[in-house]
Amino acid sequence: MSPAPGTGAFESGLSASTGTGEAGERAGERGVTSAESSALERAAEAALRPRRLAEFVGQQVVREQLSLVLDAAAARGRAPEHMLLSGPPGLGKTTLAMIIAAELNAPLRITSGPAVQHAGDLAAILSSLEEGEVLFIDEIHRLARPAEEMLYMAMEDFRVDVVVGKGVGATSIPLELPPFTAVGATTRAGLLPSPLRDRFGFTGHLDYYRPAELETVITRSAARLEVEIDAEAAAEIAGRCRGTPRIANRLLRRVRDWSQVRGSGRIDLEAAHAALAVYEVDERGLDRLDRAVLRALCERFAGGPVGLGTLAVAVGEETETVETMVEPFLVREGLISRTPRGRIATPATWAHVGLAAPSPGAGTTPPLGRF
Ligand SMILES: Nc1ncnc2c1ncn2[C@@H]1O[C@H](COP(=O)(O)OP(=O)(O)OP(=O)(O)O)[C@@H](O)[C@H]1O
């Protein structure tokens, strides 16, 4: 799963995207390999994943549209059209793909763009599909071009031409496919070429969740984890999980740890505050790296403008890390502004780091380009 843009890599190990950060961190202590810790993380996530559309919280418009597509297909006794789900990481694209298969009572085949590097890889998957099967392609924007072009015909005509042999001796064999439903998921919808995007009959975009919706996610997950949680504790966690159910569930599991090891076993407001302090997640959901970026912007560069590369170096991170895993959330929160001359602090930035903004015209740093 690609690193998650828009959700900070919590330095305390609460990586909001792949989960390997936190689990990897703890794995190091326990001697578990990072691969095993990722598997642990995925298993923990899977245990909390909603299984039916009725259990899927929020995203009202997408749910209504999807429900209509599924009901109409069921009424006609046909496989529904292909579907594309887009949106930032951790918001429920994979969950919805699994729900679609469950609601259709259809087998689900899961693959991803990075896993399909050759047309032959895709031909092997397509040729083994059962009638009505749901083929979920995560990170579909990362499909290799030859595979992507094969997918066009497969989605349009339920047919692929498989080339056998090489050079002058090569022959193309048409392969008829059973009707299937492709479900693509992407965090970068803009990268999809229009021939591919146009082949999806339904496109749903998932957006960040409201705190009340996240409270519901947290409360339901706590019930699944068989841990009692006070409403105000659920609200506290919901306010700090960056609008993202994946992070909500992860913070809930960490607060549950604290409550079971240092508290009464029940999640109350005290346990929530204490655990979130241990993981250095502040009241707006920022973690240490987020705050380090804001402090560097204010203290080292007088609020900017400063180039992204320079800012990344100042906090000891790769430019890519800051750009994809820290900045989107800070921009969304109004804590960083992107300008052609570089990144600049906003009044909210100065307030968040507890510093007074310099008076206008005071010595500002000349714009430093990106490395
Ligand atoms: N609407 C929702 N209601 C309840 N839980 C949800 C919802 N959306 C996501 N979750 C929870 O968040 C976790 C992550 O969701 P999911 O894996 O579907 O995100 P994603 O968008 O596919 O992320 P990525 O882009 O990183 O693959 C799931 O395991 C699930 O438990």
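Rules used throughout
- Residues numbered from 1 in each chain as written.
- Predicted model: local features only at pLDDT ≥ 70, side-chain atom pairs only at ≥ 80, totals over all residues.
- Heavy atoms only, no water.
- Phe/Tyr/Trp six-rings, centres within 6.5 Å; stacked < 30°, edge-to-face > 60°.
- Helix = DSSP H or I, 4+ residues; strand = E, 2+ residues; numbered from the N terminus.
- Lys NZ or Arg CZ within 6 Å of the ring centre and 35° of its normal.
- Axes fitted to C-alpha atoms, helices over the stretch in contact; angles between N-to-C directions.
- Parallel < 35°, antiparallel > 145°, perpendicular 65-115°, else oblique.
- Left-handed = near helix turned anticlockwise from the far one by under 90°.
- Contact = heavy atoms within 4.5 Å.
- Nonpolar A, V, L, I, M, F, W, Y, C, P; charged D, E, K, R; others polar.
- Expected span 1.5 Å × (residues − 1).
- Buried < 20%, exposed > 50% of the residue type's maximum accessible area, 1.4 Å probe, protein only.
- UniProt positions renumbered as here; feature names shortened; annotations may be inferred.
- Pairing = 2+ DSSP bridges.

A.B. asks: I would appreciate a short explanation of the packing of aromatic side chains in the present structure.
C.D. replies: Within a pair of aromatic rings, the relevant descriptors are the distance that separates the centres and the angle that separates the planes. Using the criterion set out here, one finds one aromatic pair in the structure. Taken together, a centroid distance of 5.4 Å and an interplanar angle of 80° make the contact between F158 and F180 edge-to-face. Highlighted residues: F158 in the loop between α6 (145–157) and β4 (159–164) and F180 in the loop between β5 (171–176) and β6 (181–186), separated in sequence by 22 residues. Its end group placed over the ring of F329, R242 keeps NZ or CZ at 3.9 Å from the ring centre.

A.B. asks: Honestly, the packing of helix α8 (residues 211–224) against helix α10 (residues 245–262) in this entry has me stumped. Any pointers?
C.D. replies: Each pair of packed helices gets described by two things: the angle between the helix axes and the distance between those axes. α10 packs onto α8 with a crossing angle of 45° between their chain directions and a minimal axis gap of 10 Å. Overall, the two elements α8 and α10 adopt an arrangement that is oblique. By crossing handedness, the relation of α8 to α10 is classed as right-handed. Only P245, A248, N249 and L252 of α10 make contact with α8, whose side of the interface consists of L214, V217, I218, S221 and A222. Of the residues in the contact of α8 with α10, the class split is seven nonpolar, two polar and no charged.

A.B. asks: Help me out: how do you make sense of the packing of helix α3 (residues 60–76) against helix α4 (residues 93–104) in this one?
C.D. replies: Running from N to C, α3 and α4 cross one another at 30°; their axes reach a closest spacing of 11 Å. Relative to α4, the element α3 is oriented roughly parallel. As α3 runs across α4, the sense of the crossing is right-handed. Of α4, the residues touching α3 (which contributes V62, L66 and L70) are L96, I100, E103 and L104. Its residues placed into classes, the contact of α3 with α4 shows six nonpolar, no polar and one charged.

A.B. asks: Looking at this structure, I do not really get α10. What am I missing?
C.D. replies: Since there are 3.6 residues in each turn of an α-helix, residues three or four apart along the chain are aligned in direction. The terminal C-alpha atoms of α10, which comprises 18 residues, lie 25 Å apart, in line with the 26 Å expected from a rise of 1.5 Å per residue. With 14 of 18 residues buried, α10 is to be regarded as a mostly interior element.

A.B. asks: Sorry if this is basic, but what is going on with the UniProt feature "binding site: Mg(2+)" (unreviewed entry) in the chain here?
C.D. replies: If you check UniProt for "binding site: Mg(2+)" (unreviewed entry), the listed places come out as T94 in our numbering. By the element assignment, T94 lies in helix α4. Overall, T94 belongs to the buried group, its relative accessible area being 18%. Contacts of T94, omitting those with residues within four sequence positions, involve R49, F136 and D138.

A.B. asks: Explanation requested: the sheet that holds β6 in the structure shown.
C.D. replies: Consider a sheet: its strands pair through backbone hydrogen bonds, and that pairing is either parallel or antiparallel. With respect to topology, five strands assemble into an open sheet ordered β2-β3-β6-β1-β7, the strand pairing being parallel. Each edge of the open sheet carries a strand with a single partner, namely β2 (108–112) and β7 (202–205). Across this sheet, the average inter-strand angle for adjacent strands is 15°, counted without regard to direction. As judged from the four bridges shared by strand β1 (residues 83–86) and β7, these two strands associate in the parallel manner.

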